[in-house]
Amino acid sequence: MNLLLLLLSFTFAKQDTELMKKIDSVYQFKEIVNVERTEVKNQNNSGTCWTFAGNSFIESELIRMGKGKFNLSEMFIVRNMYKEKADNYVRFHGATQFGEGALSHDVLYSIKKYGIIPESIYSARPENDYINHAEMSGILEDMVKRVVNTSGNNRTNHWKKAFDAVLDAYLGTPPTEFEYEGKKYTPLSFVKYLGINADDYVDITSFNHHPFYTEFVLEVPDNFSRGLFQNVKMQEMLAIVENALNNGYSVDWGSDVTEMGFNSDYGLAIDPKDLESMRLKKDEIKWDSLYQEIDITQEKRQEDFDNYLTEDDHGMHIVGIVKDIKDRKYFVVKNSWGTEKRGRDGYLYVSFPYFMHKTTSITVHKNAIPQDIKSKMKL
């Protein structure tokens, strides 16, 4: 790095630190709830947030269950779900999603069907430790598109071996059996050892284009597996997360993160009332100012979802609650974009209005749901 770049880097880092100090001095955040979790990871240049969030969620569950801290392999799940996506894509004649994305329930599905492996056994990271799936994903997508576009008279199942070979080339072949702390396991027997029961977890959303307290296939592109989500009212979804955290559970969170009010660099996601004027004027949010936030309604939430203003962009892990000087609450969210220049060492504070407005789904242990809501959901 030359001297000019070094000086610029130092200046930007200093400005970021100073602004963070200003933000904290204005908001005066106080911790309310803090659920134990594992360290922040970095998905780098890969669209695999869903498994980083899902694994982090399961790792917190293992801590809560008294199993201790584990570092579970994200890429083992990614590899298995690529095969599921490929098979699904071909069976639907290409009329479905294929790519790097998926949802939290796919993590639990993969664990139930294929098992899980510790990161120390199957990391599948390149030598430079920087994950980049752009080339691999492109090759895999080209393969399944070619299969779909091949006439039935000429199509075979040989493509599945070729698909596996590409995954092996980029991610390595996962073990069918491995040794961990002196004992031998298969991926499925390791799940049994950990005590994870995928059926204990519930996927939840909140939209009024389907009846409340019923299940429906959430209409977002990354729901390639057509997973079912329980539908509750917006305020009930918020209450479920609060209740979970207050009782030692964490929550897997899917959300839109492309809003002007979302800034991981400064560790905040807010929903200011004057956001529309900011957008029109192309102005920037003054992050060290206390904003009055939007009063979110079920109708506003639905309208933005219907108009693609709320999309399923990113998966993260909710691990706590803080409040500001005005006693307004925020969820503490663990991200998977590393810690360097990422606000609060890879965490951010998400206001309750932002959560209610921009959440696409959550995943939580069924015992973390308040009993009155659980009864309505017929769980």
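Data block above holds the structure.
Every chain is numbered independently, its residues counted from 1 as its sequence is written. Residue-level local features of this predicted model are given only where pLDDT is at least 70; pairs of side-chain atoms are given and counted only at 80 or more, and the full residue set underlies all totals for whole chains, interfaces and linings. Side-chain numbers come from the whole structure's heavy atoms, not from hydrogens or water.

1. A closer look at the pairing of strand β7 (residues 251-255)
It is a general feature of regular strands that their side chains alternate between the two faces of the sheet. Among the 5 residues in β7, 5 count as buried, and that is most of the element. The classification of residues rests on relative accessible area computed with a 1.4 Å probe and restricted to protein chains. Under 20% of the type maximum is buried, over 50% is exposed, and intermediate values are partly exposed. A run of DSSP states H or I qualifies as a helix once it reaches four residues; a run of E qualifies as a strand once it reaches two. Both are numbered from the N-terminal end. Alternating residues of β7 divide into Val 251, Trp 253 and Ser 255 and Asp 252 and Gly 254, and every residue in both groups is buried. Of the pairings in the sheet, the one linking β7 to strand β10 (residues 314-323) comprises 5 bridges and is antiparallel in character. Across the sheet, residue Val 251 finds its bridge partner in β10, namely Ile 318. By this definition, two strands are paired if DSSP reports at least two bridges between them. Note: β7 against strand β13 (residues 359-365), 4 bridges, orientation antiparallel. Each residue of the ladder has a partner; that of Trp 253, found in β13, is Ile 362.

2. Quick notes on helix α5 (residues 134-148)
Side chains that are three or four residues apart share a direction in an α-helix, a result of its 3.6 residues per turn. By definition here, a helix of n residues has an expected span of 1.5 Å times n minus one. Under the 1.5 Å per step criterion, the end-to-end length of α5 is 21 Å for 15 residues, consistent within 8% with the ideal 21 Å. For α5, the set of buried residues is Met 136, Ser 137, Leu 140, Met 143, Val 144, Val 147 and Val 148. What you see down the axis of α5 is that its buried residues fit within an arc of 135 degrees, all on one side. Every exposed residue of α5 that faces more than 90 degrees away from the buried side is listed here: Glu 135, Asp 142 and Arg 146. Buried residues along α5 sit in contact with α3 (74-91) and α6 (158-171). Directions pointing from the helix axis toward each C-beta atom define the arc. We call two residues in contact when some of their heavy atoms are within 4.5 Å.

3. Overview of the environment of Ala 86
Counting through the fold element by element, Ala 86 comes out in helix α3. On the basis of relative accessibility, which here comes to 1%, the residue Ala 86 falls in the buried class. When the C-alpha positions of Ala 86 and Gln 292 are compared, they lie 46 Å apart, and in sequence the two are 206 residues distant. For Ala 86, the contacting residues outside a window of four places in its chain are Phe 98, Val 144, Trp 159 and Phe 163.

4. Considerations on the packing of aromatic side chains
Any Phe, Tyr or Trp ring, taking Trp's six-membered ring, that has another such ring centre within 6.5 Å forms a pair; planes under 30 degrees apart are called stacked, those over 60 apart edge-to-face, and the others tilted. Considering all chains together, one arrives at 27 aromatic pairs under this definition. On the numbers, 6.4 Å between centres and 75 degrees between planes, the contact of Phe 262 with Trp 337 is edge-to-face. On the criterion of sequence distance, the pair formed by Phe 262 in strand β8 (residues 262-263) and Trp 337 in the loop between β11 (329-334) and β12 (347-351) is long-range, its members being 75 residues apart. Given the relative accessible area of 9%, Phe 262 is considered buried. Trp 337 gets classed as partly exposed once you look at its relative accessible area, which sits at 24%.

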